[in-house]
Amino acid sequence: MPDRKSALRKEIRAALRQRSPQELAAASRAIRQRILALPAWHAAQVVALFAGQPWEPDVDPLFDLAQQAGKQVVYPRVTDSGLVLCPVDSLAALVETPRWKLREPAASDAVAPEVPGLLLVPGLAFDEAGRRLGRGGGYYDRLLARVPPEARCGLCFELQILPEIPTGPHDISVSRVITEARG
């Protein structure tokens, strides 16, 4: 299975490189609109966002909307023990990490992972059953295992939806997947 997952990662990355920044930006806008229409978005007191890579949906504009709605916003931070969710008061508080080249909270108290009413999760690919293909480190799987299933929401572009994602016992699914065309 690791070989199959590795091959899928290469295929998806190649497909994403074929999309222009303008196409990805338009798809990201559509994804954000679908998120804002979710009852879970409106009900959540705490929303877990992520600072995406250029090939991932851009959810940064949701930060201000969440704050304006009185929600607490948390972002994942990579630690030796896995991902922890940290409160963030400003997008400027996110710093690029030298090891992973990710924007994440510098240092902050973690929020219990059961707290988010909505956890937005990136992935290289998803299938319609909510199975997720990540980057291979298992960081999000360990976090997802501690979050209520109804709070787990995968985000990707439509081209990243596959008929089936190979999974192992440690892989954790999301309850819904939102793309520019579904959700």
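Residues numbered from 1 in each chain as written. Predicted model: local features only at pLDDT ≥ 70, side-chain atom pairs only at ≥ 80, totals over all residues. Heavy atoms only, no water.

Trainee: Mind showing me how you'd approach the overall build of the protein chain here?
Mentor: Along the protein chain, the regular secondary structure elements total five helices and 11 strands. Over its C-alpha trace the protein chain gives a radius of gyration of 15 Å, about what one expects of a compact globule, namely 16 Å for 183 residues. Along the longest, intermediate and shortest principal axes, the C-alpha atoms of the protein chain span 40 × 35 × 30 Å. In the protein chain, which comprises 183 residues, the proportion classed as buried is 49%. Taking contacts inside the protein chain between residues at least 6 apart in sequence as the whole, the part at least 24 apart equals 70%. Carbon and sulfur atoms form 52% of the exposed surface of the protein chain, whose accessible area is close to 8,900 Å². Of the side chains in the protein chain, 23 bear a positive and 21 a negative charge, and the two mean positions are spaced by 3 Å. (Helix = DSSP H or I, 4+ residues; strand = E, 2+ residues; numbered from the N terminus. Rg over C-alpha atoms; globule rule 2.2 N^0.38 Å. Buried < 20%, exposed > 50% of the residue type's maximum accessible area, 1.4 Å probe, protein only. Contact = heavy atoms within 4.5 Å. Areas by Shrake-Rupley, 256 points an atom, 1.4 Å probe, with all protein chains shown as cover. Lys, Arg positive; Asp, Glu negative; His and termini not counted. Charge placed at Lys NZ, Arg CZ, Asp CG, Glu CD.)

Trainee: What's the story with the sheet that holds strand S7 (residues 125-127) in this structure? I'm lost.
Mentor: Adjacent strands of a sheet form backbone hydrogen bonds with each other and so pair up, either parallel or antiparallel. Pairing is mixed across the open sheet formed by three strands, whose spatial order is S8-S7-S10. A strand with exactly one partner marks an edge of an open sheet, and here the two such strands are strand S8 (132-133) and strand S10 (161-162). Of the pairings in the sheet, the one linking S7 to S10 comprises two bridges and is parallel in character. Looking at the pairing, Phe126 lines up with Ile161 of S10. (Pairing = 2+ DSSP bridges.)

Trainee: In this structure, what is going on with the packing of helix H2 (residues 21-36) against helix H4 (residues 61-68)? I would like to understand it.
Mentor: The axes of two packed helices give the description: the angle between them and the distance between them. Two elements in contact, H2 and H4, have axes separated by 11 Å at closest approach and are oriented at 20 degrees. Classified by the angle their axes make, H2 and H4 are roughly parallel. Our pair here, H2 against H4, has a crossing hand that is right-handed. Residue-level contacts link Arg32, Ile35 and Leu36 of H2 to Pro61, Leu62 and Leu65 of H4. (Axes fitted to C-alpha atoms, helices over the stretch in contact; angles between N-to-C directions. Parallel < 35°, antiparallel > 145°, perpendicular 65-115°, else oblique. Left-handed = near helix turned anticlockwise from the far one by under 90°.)

Trainee: Quick question: what am I supposed to make of the packing of aromatic side chains here?
Mentor: Where two aromatic rings form a pair, the distance of their centres and the angle of their planes describe that pair. Within this structure, the stated rule accounts for one aromatic pair. Across the ring face of Trp41, the terminal group of Lys71 is positioned such that the distance to the ring centre comes to 5.6 Å. (Phe/Tyr/Trp six-rings, centres within 6.5 Å; stacked < 30°, edge-to-face > 60°. Lys NZ or Arg CZ within 6 Å of the ring centre and 35° of its normal.)

Trainee: Even after reading the chapter, I still don't get the pairing of strand S6 (residues 118-122), so can you show me in this structure?
Mentor: On any regular strand, side chains alternate: one points to one face of the sheet, the next to the other face. Taking burial as the measure, the five residues of S6 include five buried ones, the bulk of the element. Across the two faces of S6 the burial is the same, with Leu118, Leu120 and Pro122 and Leu119 and Val121 all buried. For strand S1 (residues 46-48) and S6, the ladder comprises two bridges, and the chain directions are parallel. Its bridge partner lying in S6, Val47 is registered against Leu118. Relative to strand S9 (residues 152-155), S6 runs parallel, the two being bridged by four bridges. Its bridge partner lying in S9, Leu120 is registered against Cys153.

Trainee: Would you explain the pattern of salt bridges in this entry?
Mentor: Any two side chains of opposite charge can pair, so long as their charged atoms come close to each other. With the rule as written, the count across this model stands at eight salt bridges. A salt bridge links Glu11 to Arg4, with the nearest nitrogen and oxygen atoms 3.9 Å apart. Glu11 gets classed as partly exposed once you look at its relative accessible area, which sits at 45%. We classify Arg4 as partly exposed; its relative accessible area is 43%. Salt bridges here are not isolated pairs; linked through shared partners, they connect Glu128, Glu158 and Arg182. (Salt bridge = Lys/Arg side-chain N within 4 Å of Asp/Glu carboxyl O.)

Limitation: the analysis is restricted to geometry and does not speak to function.
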